[in-house]
Amino acid sequence: MKPGFEISKDIYWVGKIDDREVPFHRLLLTKGTTYNSYLLKTGKPTVIDTVDMEFGREFAEHITGLIDPLDIQYIVINHTEPDHSGGLAALAARAVNATIVCTEVAVPEIQQMYKLQHRSYLVVKDGDTLDIGGKTLLFKETPYLHTEETMITYCLEDKILFPCDIFSTHVAVNSLFADEAGFDVTEDFIGYYKAIIHPHRRYVRTLIEAVKDLDIQMIAPSHGYILRHNINNFISLYADMSTETTEDKKVAIVYTTLKNNTKKIANMLKDTFEHNQISVELWDIDKANEQDVLNSIAAADAVWIGSSTKYADMTGKLESLLKQLADMNLEGKLAAAFGSYGWSGEAIEVVQDYLNATNMDVQSTSNVIKTTGMTHVEFPVRVRFAPNDEVKVQKIKHAANFVSDLLLSAI
Ligand code: FEO
């Protein structure tokens, strides 16, 4: 497939097929992948997304063969991850008249990543449209699909959705269109969803709402096959796979508190889980019967244990309980530590150590980043002094929502 293939009137594929085994997010893409970029040769020529940075120069040269880059008016960056924005530096160096179109969150990222501090930017918000001379682009913000700055673009006249990572497949395509692949691409479509999108499925539900009123005749994603048949079936697959299990799930939250701040965190965790339809048993270990708490932990799907810190250690009767967990079979349960602290918060780390000595799946910031790329979810949940401002509240809610999503995954 050569760059310059027309997928719709005046809309050309200008991407790169990468048929190597590609390492990506701790996965090995054994079928390779495709970086799709699109050139819209309208009255105000526009490029939507670019390619991986490794192919940036080649990409810019191909575009130069199709249009004078000085004529390009807009470069739309739906998502700043370098497999899509990586060709921007090479393209922007030639397309010096082009304005970069992206979300507000994306601007400083692009400026820093590609040293494009002095370029012209058009910041778009959810529902904004842009006249590109004969075609109109509509933008919808889709944060956390796949990262915070992400948006999708829809061409009103051609009824084409350009959703970047969403609705993609990691395949070095033999044909751009799924219906010409010679096999059913559904398995690759589902495999991509599970590997890349599913951890973010809380936001897929927002996406489904965002696209439900659009008349979509073609989905032109930024990896793999372009979809033009059975569009609603592919969207329904995302809707189905992102729904939650209806099985009852239970969380046990156990805490010891010095000045009620750790208790407040425990209650905020409880409220978030209950908001997500997950039942909670909440225990102040210094007031409860220890055996009742152990029974609650044994029956729970996730266990949260929190402590205030006093003189660099845990408070109350918590250690007696923690010592017994290593001897219990808690396999299959999720676990997380939390607490309020004033100076260094050593107790929270000690709780984490005890949890790591069990056979539970203990949540850590490191694992969240490695498995999902999310940087707004932190474990253990450490809150200095009272959980009394929005940043602290969001930290607690993000962590509880993350565990909720793991518990409620239907696939
Ligand atoms: Fe295909 Fe989030 O990158």
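Residues numbered from 1 in each chain as written. Predicted model: local features only at pLDDT ≥ 70, side-chain atom pairs only at ≥ 80, totals over all residues. Heavy atoms only, no water.

Next up on the list: the overall build of the protein chain. When you go through the protein chain residue by residue, the secondary structure sums to 13 helices and 22 strands. Along the longest, intermediate and shortest principal axes, the C-alpha atoms of the protein chain span 75 × 45 × 40 Å. A buried classification covers 56% of the 411 residues belonging to the protein chain. Long-range contacts, defined here as pairs at least 24 residues apart, represent 70% of the contacts in the protein chain between residues at least 6 apart. For the protein chain, the exposed surface amounts to about 17,600 Å²; the carbon and sulfur share of it is 48%. (Helix = DSSP H or I, 4+ residues; strand = E, 2+ residues; numbered from the N terminus. Buried < 20%, exposed > 50% of the residue type's maximum accessible area, 1.4 Å probe, protein only. Contact = heavy atoms within 4.5 Å. Areas by Shrake-Rupley, 256 points an atom, 1.4 Å probe, with all protein chains shown as cover.)

Throughout the structure, instances matching the rule amount to 14 aromatic pairs. Both rings, one in Tyr144 and one in Tyr203, keep their centres 4.9 Å apart while their planes meet at 35°; by these two values the pair is tilted. On the criterion of sequence distance, the pair formed by Tyr144 in the loop between strand S13 (136-141) and strand S14 (151-155) and Tyr203 in helix H6 (residues 201-211) is long-range, its members being 59 residues apart. Given the relative accessible area of 17%, Tyr144 is considered buried. Accessibility expressed as a relative area gives 19% for Tyr203, which makes it buried. Members of the aromatic cluster, joined through ring pairs, are Phe167, Phe189, Tyr193, Phe234 and Tyr238. The lysine or arginine in question, Lys41, covers the ring of Tyr12, its NZ or CZ lying 5.6 Å from the ring centre. (Phe/Tyr/Trp six-rings, centres within 6.5 Å; stacked < 30°, edge-to-face > 60°. Lys NZ or Arg CZ within 6 Å of the ring centre and 35° of its normal.)

Interaxial distance between helix H10 (residues 318-325) and helix H11 (residues 346-356) falls to 8 Å at its minimum, and their mutual angle equals 25°. What the angle tells us is that H10 and H11 run roughly parallel. When you trace H10 past H11, the crossing you get is left-handed. Two secondary-structure elements touch here, H10 through Leu318, Glu319, Leu322, Lys323 and Leu325 and H11 through Val351, Tyr354 and Leu355. Partitioning the contact of H10 with H11 into residue classes produces six nonpolar, no polar and two charged. (Axes fitted to C-alpha atoms, helices over the stretch in contact; angles between N-to-C directions. Parallel < 35°, antiparallel > 145°, perpendicular 65-115°, else oblique. Left-handed = near helix turned anticlockwise from the far one by under 90°. Nonpolar A, V, L, I, M, F, W, Y, C, P; charged D, E, K, R; others polar.)

What follows deals with the pairing of strand S20 (residues 334-341). Counted residue by residue, S20 has eight buried out of eight residues, so it is predominantly covered. Along S20, one buried face is formed by Leu334, Ala336, Phe338 and Ser340 and the opposite face, lined by Ala335, Ala337, Gly339 and Tyr341, is buried too. Where the polypeptide runs from strand S19 (residues 302-307) across H10 and back to S20, its parallel neighbour, the crossover connection is right-handed. Bridging between S20 and strand S21 (residues 361-362) involves two bridges; their strand directions are parallel. Across the sheet, residue Leu334 finds its bridge partner in S21, namely Asp361. Both S20 and strand S22 (residues 381-384) contribute to a ladder of four bridges, which runs parallel. Directly across from Gly339, in S22, lies its bridge partner Arg382. (Right-handed = clockwise from strand over helix to strand, strands pointing away. Pairing = 2+ DSSP bridges.)

Another point: the pattern of salt bridges. All chains considered together, the criterion is met by 19 salt bridges. In this structure, the salt-bridge partner of Lys212 is Asp213, at a minimum N-O distance of 3.7 Å. Looking at Asp213, the relative accessible area reads 67%, which means it is exposed. Within this structure, Asp18, Arg20 and Glu54 form a network of salt bridges that share partners. (Salt bridge = Lys/Arg side-chain N within 4 Å of Asp/Glu carboxyl O.)

In the structure shown here, the tally under the stated rule is one cavity of 30 Å³ or more. Considered as a void within the structure, the largest cavity measures approximately 30 Å³ in volume. In this structure, the largest cavity is lined by Pro3, Val14, Gly15, Lys16, Val51, Phe55, Glu58, Phe59 and His62. Ranked by residues supplied to the lining of the largest cavity, first place goes to helix H1 (residues 56-66) with three residues. Looking at side-chain class alone, the lining of the largest cavity contains five nonpolar, two polar and two charged residues. (1 Å grid on protein atoms, 1.4 Å probe; cavity = no way out; pocket = protein on both sides within 12 Å on 5 of 7 lines; lining within 4 Å. Points joined across faces, edges and corners; volume = space filled by probe spheres on them.)

Attention now moves to the layout of surface pockets. Its boundaries defined by the atoms lining it, the largest pocket holds a volume of some 350 Å³. At the level of elements, helix H8 (261-275) and S20 are the ones that each hand at least two residues to the lining of the largest pocket. Of the residues assigned to the lining of the largest pocket, the class counts are six nonpolar, nine polar and three charged.

What follows is about the sheet that holds strand S9 (residues 74-76). Reading across from one edge, S1-S2-S7-S8-S9-S10-S11 is the order of the seven strands in this open sheet, with mixed pairing throughout. Edge positions in the open sheet fall to strand S1 (5-8) and strand S11 (121-123), since each of these has one partner strand only. Neighbour-to-neighbour, the strand axes of this sheet turn through a mean angle of 25°, independent of strand direction. Examined bridge by bridge, S1 and strand S2 (residues 11-13) share three bridges and lie antiparallel to one another. Bridged to Ser8 within S2 is Ile11.

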